[in-house]
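Summary of the model geometry
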Amino acid sequence: MNPDILKERKNATFDVEKLTYILDGGPEKTRRRREIETMVLNDPDFQEEDQNFLSRSERYDQAVRKSAQMILKLREYGIADPEEIYCYKNMINGNFHEALGLHYVMFIPTLYSLCDPQQSRKWLPLAESFKTLGTYAQTELGHGTHLRGLETTATYDPATQEFVLNSPTVSSIKWWPGALGKTSNHAIVLAQLYTQGNCHGLHAFIVPIRDMDTHVPLPGIVVGDIGPKFGFNEVDNGFLKLENVRIPRENMLMKYAKVEPDGTYVKPPSAKLTYGTMVFIRSMIVGESARALSKACTIAIRYSAVRRQSEIRPGEPEPQILDYQTQQYKLFPLLATAYAFAFVGQYMRQTYHRISEDINQGDFSEMPELHALSAGLKAFTTWAANSAIEVCRMSCGGHGYSRSSALPDIYVEFTPTCTYEGENTVMMLQTARYLVKSYRQAKAGQQLSGIVSYLNEPKHHRVQPQPVAARPTVVDINDLVSLVEVYKQRAAILVELAAKSIQQELQHRKSQEDAWNNSAIDLVRASDAHCHYVVVKLFTDRLGDMSDTAIHSVLSTLALLYALHGIANNSGDFLQAGLLNVPQVHQVSIRIKELLSQLRPNAVALVDAFDFHDRRLKSVLGRYDGNVYEHMFEWARRSPLNATEVHESFYKYLKPLRSKL
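Residues numbered from 1 in each chain as written. Predicted model: local features only at pLDDT ≥ 70, side-chain atom pairs only at ≥ 80, totals over all residues. Heavy atoms only, no water.

**Section: the overall build of the chain**
Rules: Working definition: helices are DSSP H or I runs of at least four residues, strands are E runs of at least two. Numbering for both runs from the N terminus. Here the globule rule is a power law, 2.2 Å times the number of residues to the power 0.38, and the radius of gyration is based on C-alpha atoms. Contact between two residues is taken to exist if any of their heavy atoms lie within 4.5 Å; hydrogens are not considered. Surface accessibility in these figures is a Shrake-Rupley result with a 1.4 Å probe; residues are shielded only by whichever protein chains are displayed. Neither His nor the chain termini are counted; the positive set is Lys and Arg, and the negative set is Asp and Glu. By convention, charge coordinates are those of NZ in Lys, CZ in Arg, CG in Asp, or CD in Glu.
A count of helical and extended segments in the chain gives 22 helices and eleven strands. Computed over the C-alpha atoms, the radius of gyration of the chain is 27 Å, within 12% of the 26 Å expected from 2.2 N^0.38 for a compact globule of 661 residues. In terms of its C-alpha atoms, the chain occupies a principal-axis envelope of roughly 90 × 80 × 65 Å. Considering only contacts within the chain whose residues lie at least 6 apart along the sequence, 74% involve residues at least 24 apart. Of the roughly 28900 Å² of accessible surface on the chain, 54% is carried by carbon and sulfur atoms. Averaging the positions of the 72 positive and the 73 negative side-chain charges in the chain gives two centres separated by 3 Å.

Written out as structure tokens, the structure is:
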């Protein structure tokens, strides 16, 4: 064990194991997670070569092999709980992705949520036995987040009781679905439904795309891989062109919307039910933001504890770079963010399952809020985590650029979340639509419930804040409850300003659409403020569950740092609204420095609590034992370019060059 990192662990003021229990959801879940991880560690079938040294085709091949092995092993071990399956796969895949990922997270969940009982009896056994390998084909070359703009058509033919699916334009070709290019034999295709001469909008259809025995594409199916990407090198993201593909009427998912044999259309109770799987994925992505950022923080903070560089005092030994205040200012707010997002991820998972149960019982009342919250938090957390991972990489200096650090892989595998399952700006605008609607309801006297209930409070109904001097502030910047209130007021004021902006545009005889577009910057700011309030509130609320005083103390410090850092980065909002005055903002900066110093002894222990095994982290810089340099040298020696002392290019190009000069 590196002595510097050993010293860091001895300085911890709390029990790391107890904090791990909180993050996992209890001691039994931690025990079971580690048990599953040990299964993987002891399994020779998963002792594969470092993926960074493989070609793309080799990486895809390895990913498919691992997916097939995982299916067999999960069955052998009797692992059926979704969380345990997720844990098992994460341990195997590390920072990379699974070839059959969309079969698990999109195809099967969509079947569960949109199949009627008869369809469930047919399709779920096929999917769960992997005879049917599926993906989810929504995005097209010309449209992604704007679902109503999708062009793929499914036209009902009552004479044969079939749907005829077509890609009528180049821009309508399905583009991007994972596992579509070479792996899947079925796809859930989102298409515009036409029946009896009318278009009824997007609906989901199960479309066979490859022969289940030969795997050859079926007639009318043009399918393939879209080529190399910024990341996801193991995944065959694909294209799909449909040319008069006929499927039985029963292949339309009909739990809610239906087409009768004669072509009569039966409307669903809510148009948004078709998009239930997307809401599920967006809710999951919040937790993924926490995990990706937690990994990056673990690597950067452990490395900062063992890396010694430059001088603070001339003539003294080089200090750990974690002792530099600038390094602490880069990393500790990100660590606080990782914890905040971890607790928000837990909340989103619980909320999704609770509201899904209500929907299954026929209660759709909370669906709009779930849709708005999952969209906004998906955008808020992925934007923050994406930029934070890059800060972690740069905080590791030049070595962070090496793929041995794992930080480039974590970044390139995570960054697509900012655009998939909804481009983030559009997601924020979807949340804004809900906020503006809620604001108008509150103004009309309707009592709001749920997370937007703060819009009912009369003191928030003001457009032009009073001057700071006219309204003395009573905010205690050391009190989290007081800071939650400030974030709440900021959100309410920005929602009102956005709503008033739309109103002013309408008064200038602009159309509703132009008024919305001309207010879009204000609307995104309002959604961002709303999400920021939700995160600060949920982090603060979670502290009430902490019975261990040492853990409560360190997490309270993290929560306070998260809240104050957010104020420092958005001080203009708080000053303009009159929620804080200039001396208080100055005091926030001073307090942040104090909090950095308070967190310094616990920094390594706080990342240890995430409990990432080295095999899962796959980072030379983030090793638990801190022995970075010798393992970095060992990793470099394994590069395929080092297989021979003299590369063939010397004989082919460099040596002949000398004779020609």
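Back to the text.
**What to know about a nonpolar patch on the surface**
Operational definition: Residues enter patches when their relative accessible area tops 30% and they take part in no salt bridge; the joining distance is 9 Å for like charges and 5 Å for the nonpolar side chains Val, Leu, Ile, Met, Phe, Trp and Tyr. A carboxyl oxygen of Asp or Glu within 4 Å of a side-chain nitrogen of Lys or Arg is what we treat as a salt bridge. When a residue's accessible area, from a 1.4 Å probe over protein chains only, is under 20% of the maximum for its type it is buried; when over 50% it is exposed; and in between it is partly exposed.
Nonpolar side chains collect at one region of the surface, where Tyr653, Leu654, Leu657 and Leu661 lie side by side and expose about 480 Å² of accessible area between them. For Tyr653, the position within the fold is in helix α22 (residues 648–660). We classify Tyr653 as exposed; its relative accessible area is 53%.

**Looking at the pattern of salt bridges**
In the structure shown here, the tally under the stated rule is 42 salt bridges. The shortest N-O distance in the salt bridge between Lys537 and Asp541 comes to 2.8 Å. Of this pair, Lys537 and Asp541 both sit in helix α15 (residues 520–543), separated by four residues, roughly a single helical turn. Salt bridges sharing common partners tie together Glu17, Asp24, Arg33, Arg34, Glu37 and Asp611.

**Things to note about the pairing of strand β8 (residues 238–242)**
Note the threshold: At least two DSSP bridges between two strands are required for those strands to pair.
Only one face of β8 is buried, namely the one carrying Gly238, Leu240 and Leu242, since none of Phe239 and Lys241 on the opposite face is buried. The pairing of strand β4 (residues 174–175) with β8 spans two bridges and is classified as antiparallel. By the bridge assignment, Lys174 is partnered in β8 with Leu240.

**Quick notes on the side chain of Gln62**
Here Gln62 lies in helix α4 (residues 56–77). Leave out the neighbours within four places in its chain, and Gln62 touches Glu48, Glu49, Gln51 and Leu54.

**What about the environment of Leu435?**
Note on placement: Leu435 falls in helix α12 (residues 424–443). Separated by 63 residues in sequence, Leu435 and Ala498 have C-alpha atoms that sit 9.6 Å apart. Once residues within four sequence positions are removed from consideration, Leu435 is found in contact with Val452, Tyr454, Leu455, Val495, Ala526, Ser527 and His530.

**A closer look at unusual backbone geometry**
One non-glycine residue with positive phi stands out, namely Trp176, at about 105°. Within the secondary structure layout, Trp176 lies in the loop between β4 and β5 (186–195). A relative accessible area of 46% means that Trp176 is categorised as partly exposed. Here the phi dihedral of Ala406 falls at roughly 75°; this positive angle occurs in a residue that is not glycine.

**Overview of the packing of aromatic side chains**
Defined as follows: Pairing of aromatic rings covers Phe, Tyr and the six-membered ring of Trp, with a centre-to-centre limit of 6.5 Å; geometry is then stacked below 30 degrees between planes, edge-to-face above 60, and tilted otherwise. In this scheme, Lys NZ or Arg CZ marks a charge over a ring once it lies within 6 Å of the ring centre and within 35 degrees of the ring normal.
Applying the stated criterion across every chain yields a total of 18 aromatic pairs. For the ring pair Phe280 and Tyr352, a centre distance of 5.3 Å and an interplane angle of 45° mean the geometry is tilted. One end of the pair, Phe280, is in helix α8 (residues 276–306); the other, Tyr352, is in helix α9 (residues 325–360), and 72 residues separate them in sequence. The same class applies to Phe280 and to Tyr352, which are both buried. Note that Arg9 overlies the ring of Tyr624, its terminal NZ or CZ placed 3.6 Å from the centroid.

**Here we look at α9**
What counts is decided by this rule: By this rule the span expected of a helix is its residue count minus one, scaled by 1.5 Å.
For α9, with 36 residues, the first-to-last C-alpha span of 52 Å sits near the 52 Å given by 1.5 Å per residue. Remark: Gly362 follows α9 within two positions and exhibits a positive phi of approximately 90°.

**Some points on the side chain of Lys73**
Mapped onto the elements of the fold, Lys73 is located in helix α4. Exposure remark for Lys73: the relative accessible area of 10% places this residue in the buried category.

**Here's the deal with the state of the cysteines**
Applicable threshold: In this description, a disulfide is simply a cysteine sulfur pair whose atoms lie within 2.5 Å.
Taken as a whole, this structure holds zero disulfides when the rule is applied. Free cysteine Cys297: the closest other cysteine sulfur is in Cys392, separated by 4.2 Å. Residue classification places Cys297 among the buried positions, given a relative accessible area of 1%. Between Cys396, a cysteine without a disulfide, and Cys392, which holds the nearest cysteine sulfur, the sulfur-to-sulfur distance is 7.2 Å.

**Focus on the sheet that holds β8**
The three strands lie next to each other as β4-β8-β7, forming an open sheet whose pairing is antiparallel. Either end of the sheet is taken by a strand with one partner, and the two such strands are β4 and β7 (221–225).

**Digging into the nonpolar core**
Here is the rule we go by: Definition used in this section: a nonpolar core is a set of buried Ala, Val, Leu, Ile, Met, Phe, Trp, Tyr and Cys residues joined via side-chain atoms within 4.5 Å.
With 156 residues, the main nonpolar core has Leu111, Tyr339 and Leu555 as its most contacted residues. For this core, the leading source of residues is α8, giving 17 residues. The next biggest cluster of nonpolar side chains, apart from the first, holds 24 residues, and it includes Ala191, Val207, Ala257 and Tyr265.

**Observations regarding the packing of helix α10 (residues 367–395) against helix α11 (residues 407–414)**
Going by this rule: Note on geometry: axes are C-alpha line fits, over the in-contact stretch for helices, and angles between N-to-C directions span 0 to 180 degrees. When describing relative orientation, an angle under 35 degrees is termed roughly parallel and one over 145 degrees roughly antiparallel, while 65 to 115 degrees is termed roughly perpendicular and anything else oblique. Each crossing gets its hand from how the near helix is turned against the far one by less than a right angle, where anticlockwise is left-handed and clockwise is right-handed.
Running from N to C, α10 and α11 cross one another at 160°; their axes reach a closest spacing of 9 Å. Comparing the axis directions of α10 and α11 gives the class roughly antiparallel. You can see that α10 and α11 cross each other, and the crossing is left-handed. Contact residues: Thr382, Ala385, Asn386, Ile389, Glu390, Cys392 and Arg393 in α10; Leu407, Ile410, Tyr411 and Phe414 in α11.

**Considerations on the environment of Lys66**
Tracing the backbone through its elements, the reader meets Lys66 in helix α4. Residue classification places Lys66 among the buried positions, given a relative accessible area of 2%.

**Brief notes about the environment of Asp211**
Put simply, the rule reads: Identification of polar contacts relies on pairs of N or O atoms within 3.5 Å, with a donor-acceptor requirement for protein atoms, meaning one able to donate a hydrogen and the other able to accept it, and with residues adjacent in sequence counted only if both atoms are side-chain atoms.
With respect to the helices, strands and loops of the structure, Asp211 is situated in the loop between β6 (198–208) and β7. Relative accessible area serves as the criterion here: at 27%, Asp211 is assigned to the partly exposed category. With sequence-adjacent residues up to four places away left out, Asp211 is seen in contact with Val216 and Leu218. Within polar-contact distance, the side chain of Asp211 engages the backbone nitrogen of Asp213 at 2.7 Å.

**Quick look at the pairing of strand β3 (residues 162–166)**
Taken across its five residues, β3 has four buried, putting it largely inside the fold. As judged from the five bridges shared by strand β2 (residues 153–157) and β3, these two strands associate in the antiparallel manner. Residue Asp157 lies in a different strand from β3, and its bridge partner there is Glu162. The loop that links β2 with its antiparallel partner β3 comprises four residues; one of these, Gln161, has a positive phi angle of about 55°. Bridge count between β3 and strand β9 (residues 245–248): four bridges; the pairing is antiparallel.

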